Amino acid sequence: MASDTQNSIVKKIQAWVFNHLDLVFTILRWVKPVLVFKNFAVVTRFEYVQEVLSRDEIFLVTYQEKMEKVTAGENFFLGMQNSPRYTRDVSNMRLVVRRDDIAEKIAPFVDDCAAKIMASAHGRIDVPVELSRVVATRLIGDYFGTPGWNEVEFADAASSMFQYLFFPDDPELEKTALKAAAKSRDYIDSTIAERKRNRRQHDDVLERCLQMQDAGMAGMSDLDIRNNFIGLIIGAIPTTSKCAVLVLDYLLSQPTLLDQAQQAARTNDNDALTQYMLEALRFNPFTPGIGRITAEDYVVGRGTLRATKIPKGTNVLVATQSAMMDCLKLKSPRQFQLDRPNYQYLHFGFGLHTCFGQYINRAQITRIVKAVLQHQGLRRAAGQEGQIQYEGPFPVHFVVEFDD
Ligand code: HEM
């Protein structure tokens, strides 16, 4: 009985903290920027967040065990510590996912795909269901060469695997995610086999991987290709969709900004819109932070008044959301400003494990949002429909309306 009461108090405190994260982080930044409590730590100042994320040999990624289950005994580079295999796998994927493709392939594809969807929306669209998830999934189809066995199920599979990898253990979720993982592995295997029978028909990521395999490059067996594809698909679909929804939600809550962003959208000013996107995500962040575990004792902020030892084996929340509101680093962080330098944005992580898709994100999220902003009379649908509805961490419904 006593422990039931205790549990319910702990749950209430957790819920309060979760609903007031911004306030909690603000207090922590001033009072205890590196808080260590039992085997948990939270790091909230910009300088310390960057320090932690730069020390990849001390603050280890925690995804390996689950990533091995998703890949059936393999791994993917997000789940790897800094190692020769990590460098090999990331380098291989950088050879096939090229920055030049953003201007030549990705941006035109996303512009076209999003514009077509909006043109057939007739004044009302459920953004995650009909636009943001669809565009992100179709880009994986067109650019990677893996459209999925079914567009909706493929995106659902990516979302459940993502949730499994990045959120606390939950047996039900594990079951769904591992089923989705098995289906995704089979699908990727059969797509690789099918593409081997039809070579050089496309210039996409899969064909490029097969060309590297032809050349005998290490890390490019069918199984290696499958592992890389699984990891990239998980990283790409639900994340992109969520960010696009969060940006639109924020702009719709700020009429003056919305008006200015719509003007930028109508003049196709992608650079300005990228700044709107990055800034809106500071106020409506994708995640409070990134998880790490310490490989050894480490003093964060050594030599400063705030120096704090984090013991070996501590789970650390590296609060990127908080860092991006730190007035010791950002000028007037509570103001929406479009001229902030790029290094002040930590949406896509920092250090060794910085998001592999960071440049794609800048192009893709911006363009999905642009396709909506280009419409006149843009507004939320009335009532609950016009507010983001979540399933787990991901928006599943968010309806907006427009006149043209
Ligand atoms: C095309 C879309 C995307 C792809 C292919 C992708 C892929 C990846 C991969 C492979 C990593 C691990 C990098 C490494 O280990 O070196 C990563 C990290 C990360 N991604 Fe993405 N991602 C995409 C979109 C996004 C979006 C939209 C967000 C939203 C904020 C995001 C946030 C992050 C973060 C915060 C990390 C760091 C994780 C950590 O350090 O623990 N990604 N991404």
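Residues numbered from 1 in each chain as written. Predicted model: local features only at pLDDT ≥ 70, side-chain atom pairs only at ≥ 80, totals over all residues.

Draft legend 1. Representation of helix α7 (residues 127-144). Along α7, the largest kink reaches about 35° and is centred on V134. Within α7, 14 of the 18 residues are buried, leaving the element largely enclosed by the surrounding structure. Trailing α7 by a residue or two, G145 shows a phi angle of about 95°, which is positive. (Bend = angle between axes of the 7 residues up to and from the residue. Helix = DSSP H or I, 4+ residues; strand = E, 2+ residues; numbered from the N terminus. Buried ≥ 20, exposed ≤ 12 C-beta atoms within 10 Å, placed from the backbone.)

Draft legend 2. Molecular detail of the pairing of strand β1 (residues 34-37). Across four bridges, β1 lies against strand β2 (residues 40-43) in antiparallel orientation. Along β2, the bridge assignment pairs L35 with V42. Counting the residues that bridge the hairpin from β1 to β2 gives two residues, and of these K38 lies at a positive phi of roughly 55°. (Pairing = 2+ DSSP bridges.)

Draft legend 3. The arrangement of unusual backbone geometry in detail. Positive phi outside glycine occurs at H122, with the angle close to 50°. Positionally, H122 belongs in the loop between α6 (100-119) and β4 (124-126). A residue is classified by how many C-beta atoms lie within 10 Å of it, and H122, with 9 of them, is exposed. Phi at S332 takes a positive value of approximately 40°, unusual for a residue other than glycine. Note that S332 resides in the loop between α14 (320-323) and α15 (358-373).

Draft legend 4. Representation of the nonpolar core within the structure. In this structure, V43, V49, M161, V247 and V369 are the most contacted members of the largest nonpolar core, which totals 108 residues. Residue contributions to this core peak at 16 residues, all from helix α11 (residues 222-252). With near-sequence residues (within four places) excluded, V247 lies in contact with M277, A280, L281, I365 and V369. (Core = buried A, V, L, I, M, F, W, Y, C linked by C-beta atoms within 7 Å. Contact = placed C-beta atoms within 7 Å.)

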